[in-house]
Amino acid sequence: MIDHTDSSGTARVRLKPADRDSIAEAASILSAGGLVAFPTETVYGLGADARNDHAIARVYAIKNRPRFNPLIVHFADAEAAAREALFDQAAEEAATAFWPGPLTLVLARRPNSMLSRLVSAGLETIALRVPDHQIAQALMRAANLPIAAPSANRAGMISPTLARHVAEGLGGAVDLILDGGQCPIGLESTVIDLTGSRPVLLRPGGLDAEKISSVLGPFDQGDPAAPIRSPGQLSRHYAPRHPLRLNAQSPSPTEAFLTFGPNPPAGGALRLDLSPSGDTVEAAANLFALLHEADRANISGIAVMPVPDEGLGPAINDRLRRAAAPADTAIPAT
Ligand code: TXA
Ligand code: MG
């Protein structure tokens, strides 16, 4: 086991060769809400319990992404994946042909799914994948959890294909790094969206798109009139049904009030606390779940207190601005 302080001299890097004991330890770290970096056949992933909002918020914080770009959820097999998302015939064919393997399917989330709302950044879809790697498989079976895992690098850096890359990039921010040697493919999974009538290629990757077409038929080449489905461009896709009012100092009697920090002003039809302690990681963990809760309530709109632009604040504010965007910028939901 390598255990030393990283270059900043603060957090200790914990890196262990993947074996029975370290995989069992990694599984209990995940179950307790911690973060584990682990190898897959594509790249190393930064894993967290996909049902735990706080663990997912920590993933976003460590990756330092400027936006909540939704994460891929990893499953031990297609049966486990089918408990969280709706598989139509095309999805079943893709799963049969290519899982386990470097293919990620974007499918509709089941209404009763237990997955964190933050993992899919508030979307009604989920990205799912069954990795073809012995250590990833052993970890998922030991933890008995769906594992959300973006590539284990900070935003804007290259994806790690060795445990050493993870240690250098993320240092002691991860609770444990499982070293399983080099990732055989070394390129992220191919991501396809199967929620429309034809498959859409969202990200080319480790599985050749032509092989996918030979099973599913041609990809949608993009009708200029068709809605854009790449997550960064989904300006209204993340929006709640009710109008959103940003930087609100106090709510009207019929508004839900999304608060940040201690002792928020009184009033409103419903108070929903993003973070009483004023912590942006906690606020991120609660954001989508609270927006959904507000949307189910009988209110005229949602007033949101200012959230500071520090920590996960920029990502929260980006998402709130999109949610508040005027309806004429709407991109129809697909
Ligand atoms: O090979 C891989 O896919 C690696 C390993 C660790 O499995 N993971 C990975 O995750 O590359 P990440 O988070 O770096 O990339 C996730 C990609 C992003 O392009 C994201 O936009 C897309 O998947 N994505 C995730 N959920 C989505 C959704 N609901 N709709 C559309 N795109 C989604
Ligand atoms: Mg990545």
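Look up: the structure comes first, before these words.
Residues numbered from 1 in each chain as written. Chains lettered and ligands numbered in written order. Predicted model: local features only at pLDDT ≥ 70, side-chain atom pairs only at ≥ 80, totals over all residues. Heavy atoms only, no water.

1. With respect to the pattern of salt bridges
Within this structure, the stated rule accounts for 13 salt bridges. Across the pair Glu124 and Arg117 runs a salt bridge whose closest N-O atoms are separated by 3.6 Å. The class for Glu124 is partly exposed, based on a relative accessible area of 43%. In this structure, the salt-bridge partner of Arg164 is Glu168, at a minimum N-O distance of 3.4 Å. Here the residue Arg164 and the residue Glu168 both occupy positions in helix 6 (residues 163-170), the gap between them amounting to four residues, near one helical turn. Residue Arg164 is classed as partly exposed on the basis of its relative accessible area, which comes to 48%. In the salt-bridge network here, residues are joined through shared partners; they are Arg67, Asp318, Arg319 and Arg322. (Salt bridge = Lys/Arg side-chain N within 4 Å of Asp/Glu carboxyl O. Buried < 20%, exposed > 50% of the residue type's maximum accessible area, 1.4 Å probe, protein only. Helix = DSSP H or I, 4+ residues; strand = E, 2+ residues; numbered from the N terminus.)

2. With respect to the sheet that holds strand 14 (residues 270-275)
Spatially, four strands are ordered 12-15-13-14 in an open sheet, and the strand pairing comes out parallel. Two strands in the sheet have a free side with no partner beyond their single neighbour: strand 12 (244-245) and strand 14. Here strand 12 pairs with strand 15 (residues 301-304) via two bridges, running parallel. Looking at strand 15, one finds that Leu244 is bridged to Ile302. Sheet strands in contact with helix 8 (residues 280-296) are strand 12, strand 13 (255-260), strand 14 and strand 15, and its direction is about 155° off that of strand 14. (Pairing = 2+ DSSP bridges. Contact = heavy atoms within 4.5 Å. Axes fitted to C-alpha atoms, helices over the stretch in contact; angles between N-to-C directions.)

3. Here we look at helix 4 (residues 89-98)
When helix 4 is considered as a whole, its buried residues turn out to be Ala91, Ala94, Ala95 and Phe98. Taken down its axis, helix 4 places every buried residue within 95° of arc, on the same side. With respect to the buried face of helix 4, the exposed residues turned more than 90 degrees away are Gln89 and Thr96. The N-terminus of helix 4 is capped by Asp88, whose side-chain oxygen sits 3.3 Å from the backbone nitrogen of Ala90. (Arc of directions from axis to C-beta. Polar contact = N/O pair within 3.5 Å; in protein donor to acceptor, adjacent residues only side chain to side chain.)

4. Quick word on the packing of aromatic side chains
The tally for this structure, following the rule as stated, stands at three aromatic pairs. Geometrically, the ring pair formed by Phe68 and Phe288 is edge-to-face, given 6.0 Å between the ring centres and 75° between the ring planes. Taken as a pair, Phe68 in the loop between helix 2 (53-63) and strand 5 (72-74) and Phe288 in helix 8 lie far apart in primary sequence, 220 residues in all. With a relative accessible area of 1%, Phe68 lands in the buried category. Cluster of aromatic residues (ring-pair linked, three or more members): Tyr60, Phe68 and Phe288. (Phe/Tyr/Trp six-rings, centres within 6.5 Å; stacked < 30°, edge-to-face > 60°.)

5. So, the environment of Ala11
Mapped onto the fold, Ala11 is located in the loop between strand 1 (2-5) and strand 2 (12-17). Residues Ala11 and Gly172, spaced 161 residues apart in sequence, show a C-alpha to C-alpha distance of 4.6 Å.

6. Things to note about the site of ligand 1
What surrounds ligand 1 is a group of 22 residues, the closest being Thr42, Asn69, His74, Ser189 and Arg203. Between ligand 1 and Ser189, the relevant distance is 2.5 Å, taken from an oxygen atom to a side-chain nitrogen or oxygen of the residue. In isolation ligand 1 has 680 Å² of accessible area, and contact with the protein removes 94% of it. Counting only elements with at least two residues in the shell around ligand 1, the list comes to strand 5, strand 7 (125-129) and strand 11 (200-203). Here the shell around ligand 1 gets three residues from one element, more than from any other, and that element is strand 7. (Near = heavy atom within 4 Å. Areas by Shrake-Rupley, 256 points an atom, 1.4 Å probe, with all protein chains shown as cover.)

7. Quick notes on helix 8
Compared with an ideal rise of 1.5 Å per residue, which puts 17 residues at 24 Å, helix 8 spans 24 Å between its outermost C-alpha atoms and is within 8% of the ideal. By the largest-angle criterion, Leu287 marks the main kink of helix 8, which is about 40°. Here helix 8 has its buried residues at Thr280, Ala283, Ala284, Ala285, Asn286, Leu287, Phe288, Leu290, Leu291, Ala294 and Asp295. Turning to helix 8, the residues buried within the fold contact helix 2, strand 12, strand 13, strand 14, strand 15 and helix 9 (313-323). Of the residues that open helix 8, the one with a side-chain oxygen 3.0 Å from the backbone nitrogen of Val281 is Asp279. (Expected span 1.5 Å × (residues − 1). Bend = angle between axes of the 7 residues up to and from the residue.)

8. Description of the pairing of strand 4 (residues 45-49)
Burial within strand 4 is extensive, with five of its five residues counted as buried. Judged by which residues are buried, strand 4 turns out to be covered on both faces: Gly45, Gly47 and Asp49 on one side and Leu46 and Ala48 on the other are all buried. With three bridges joining them, strand 3 (residues 36-38) and strand 4 adopt antiparallel strand pairing. Of the residues in strand 4, the one forming a bridge with Phe38 is Gly45. Turn length for the strand 3-strand 4 hairpin, with the two strands adjacent in sequence and antiparallel, is six residues. Strand direction decides the pairing type here: strand 4 and strand 8 (residues 147-148), joined by two bridges, are antiparallel. Counted as the bridge partner of Ala48 is Ala148 from strand 8.

9. Thoughts on the nonpolar core
Within the largest apolar cluster, 75 residues are counted, with the highest numbers of intra-cluster contacts made by Phe68, Phe87, Trp99, Leu103, Leu105, Ile177 and Ile316. In this structure, Val36, Ala76, Ala136 and Ala143 belong to the second largest nonpolar core, which totals 18 residues. (Core = buried A, V, L, I, M, F, W, Y, C linked by side-chain atoms within 4.5 Å.)

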